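# Results of the structural survey
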Amino acid sequence: MNRRRSTPWIHRWSRILIAAIASVGALTTGYLTVVKFTQGSAACPTNSCDLVLASDYATVFGLPLALFGFLAYGSMATFALAPLAVDPVQNKDTRTKLENWTWLLLLAGAIAMTVFSGYLMYLLFFKIKSLCIYCLASAIFSTSLLVLTIIGRIWEDIGQIFFTAIVVGMVTLIGTLGVYANVNNPEAANGPTLRPNGDPTQGVGWEITTTSGEAEIQLARHLTKIGAKEYIAWWCPHCHEQKQLFGKEAYQEIKKIECDPQGKDAQPDLCKAAGIQGYPTWEINGQLYPNVQSLEKLAQVSSYQGPRNFKNFPDAFK
């Protein structure tokens, strides 16, 4: 009883607090992973969250960066709770060994996540130049995990913390720089891209850089003829991807409705009346089709009978 009273409260609750923060981080990054996979729009007080999610920095090895964050937070929660599942009386030695090993794993994981988050903050403010509340929250979560890991137990060898921090920090930083070495590098680029580059023009969006073939132009005219509409937002990266599929000439033929009040020729009331939840969303023959649609899919659902030798399609931009 005396030993328990002499134990600082932070040491008794550190693992629970770490698990709680890691769980919140896992929920946040899990949500962003779903948004990225479904090409939806993130719930955010500003437009910047979608700009950040659509940037080249938000994808690693062909997968959403948020997915790796989800795995990292999930691992931290597991490391924090694992020893608590072992009976401290009947399996005292096992519990002690598991606590020691998981503390080292928590320390290494928290250092790696904090270093990586620090680099992401640099990208956020100096490269992407957009504010994302989810990114800021993740940086706070990572830093909090590191602080709790350091003060959450009595480290007999303080040098162990510094040694681990130096080794893990250097490995993480070098690995991060290596992963992002070719992002936005013109020499490493391979032809045109569907993704927007730079900041969008206020109220208008990004410039369309692709050209249209006869098939794209005929499809666009057909969609307009049958009364099809595309609901967009000027700041939406996925809307830009749809524009790139059509090309500059064909997209001029499309009937589009700007949903953001700050956009050019905005008609937010029409978007609200149509029940639009994300951008872009197509309305064809009374049916809504959310997200970026391939030209082949648009041709199919609109009963387009013209040429289909489209020059712009997603696989060509990989």
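Structure: see above.
Residues numbered from 1 in each chain as written. Predicted model: local features only at pLDDT ≥ 70, side-chain atom pairs only at ≥ 80, totals over all residues. Heavy atoms only, no water.

## Here we look at helix 7 (residues 158–179)
Under the 1.5 Å per step criterion, the end-to-end length of helix 7 is 32 Å for 22 residues, consistent within 8% with the ideal 32 Å. Along helix 7, the residues classified as buried are Ile161, Thr164, Val168, Gly169, Thr172 and Thr176. Down the axis of helix 7, the buried side of the element spans an arc of 120°, and every buried residue falls inside it. Residues of helix 7 that are exposed and point more than 90 degrees away from the buried face comprise Phe162, Phe163, Ile166, Val171 and Ile174. In the core, the buried residues of helix 7 are packed alongside helix 5 (92–128) and helix 6 (133–151). A distance of 3.1 Å separates the backbone nitrogen of glycine 159 from a side-chain oxygen at the start of helix 7, and that oxygen is part of aspartate 157. (Helix = DSSP H or I, 4+ residues; strand = E, 2+ residues; numbered from the N terminus. Expected span 1.5 Å × (residues − 1). Buried < 20%, exposed > 50% of the residue type's maximum accessible area, 1.4 Å probe, protein only. Arc of directions from axis to C-beta. Contact = heavy atoms within 4.5 Å. Polar contact = N/O pair within 3.5 Å; in protein donor to acceptor, adjacent residues only side chain to side chain.)

## What about the state of the cysteines?
Here a disulfide denotes a covalent bond joining the sulfur atom of one cysteine to the sulfur atom of another. Inspection of every chain in the model, using the stated rule, returns two disulfides. Across a sulfur-sulfur distance of 2.0 Å, cysteine 259 and cysteine 271 are joined as a disulfide pair. In this structure, the disulfide formed by cysteine 259 and cysteine 271 twists by about -90° around the S-S bond and is classed as left-handed. In this pair, cysteine 259 sits in the loop between strand 4 (256–258) and helix 11 (268–274) while cysteine 271 sits in helix 11, placing the two residues 12 residues apart along the sequence. Cysteine 271 carries the same exposure label as cysteine 259, and that label is buried. Taken in sequence order, the bonded cysteines of the protein chain link in the pattern 1-2, 3-4. Cysteine cysteine 135 is unpaired, with the sulfur of cysteine 132 as its nearest cysteine sulfur at 3.1 Å. (Disulfide = S-S within 2.5 Å.)

## Details of the pattern of salt bridges
Across all of its chains, the model carries four salt bridges by this definition. Lysine 248 is the salt-bridge partner of glutamate 207, the closest N and O atoms lying 3.9 Å from each other. Of this pair, glutamate 207 sits in the loop between helix 7 and helix 8 (214–225) while lysine 248 sits in helix 10 (residues 248–251), placing them 41 residues apart in sequence. Residue class for glutamate 207 comes out exposed when judged on its relative accessible area of 60%. The residue glutamate 296 makes a salt bridge to arginine 308 at a minimum N-O spacing of 2.6 Å. Pair noted here: glutamate 296 is in helix 12 (residues 295–301) and arginine 308 is in the segment after helix 12, with a separation of 12 residues, a long-range link. (Salt bridge = Lys/Arg side-chain N within 4 Å of Asp/Glu carboxyl O.)

## A short note on a nonpolar patch on the surface
Taken together, the side chains of Phe37, Phe61, Leu63, Phe68, Phe70, Leu71 and Val179 define a hydrophobic patch exposed on the protein surface, amounting to about 680 Å² of accessible area. With three residues, the top contributor of residues to the nonpolar patch is helix 4 (residues 65–81). On the secondary structure map, leucine 71 appears in helix 4. Given the relative accessible area of 48%, leucine 71 is considered partly exposed. (Patch = residues over 30% accessible without salt bridge, like charges linked within 9 Å, V, L, I, M, F, W, Y side chains within 5 Å. Areas by Shrake-Rupley, 256 points an atom, 1.4 Å probe, with all protein chains shown as cover.)

## Description of the packing of aromatic side chains
Applying the stated rule across the entire model yields 10 aromatic pairs. Aromatic pair tyrosine 57 and tyrosine 180: ring centres 5.5 Å apart, planes at 65°, arrangement edge-to-face. Taken together, the residues tyrosine 57 in the loop between helix 3 (48–54) and strand 1 (59–60) and tyrosine 180 in the loop between helix 7 and helix 8 connect sequence positions 123 residues apart. By relative accessible area, tyrosine 57 is classed as buried at 10%. Linked through ring pairs, Tyr57, Tyr119, Tyr122, Phe126 and Tyr180 together constitute an aromatic cluster. When the ring centre of tryptophan 103 is taken as origin, the NZ or CZ atom of arginine 15, which lies over that ring, is 4.6 Å away. Between the NZ or CZ atom of arginine 153 and the centre of the ring of tryptophan 155, over which it lies, the distance is 4.6 Å. (Phe/Tyr/Trp six-rings, centres within 6.5 Å; stacked < 30°, edge-to-face > 60°. Lys NZ or Arg CZ within 6 Å of the ring centre and 35° of its normal.)

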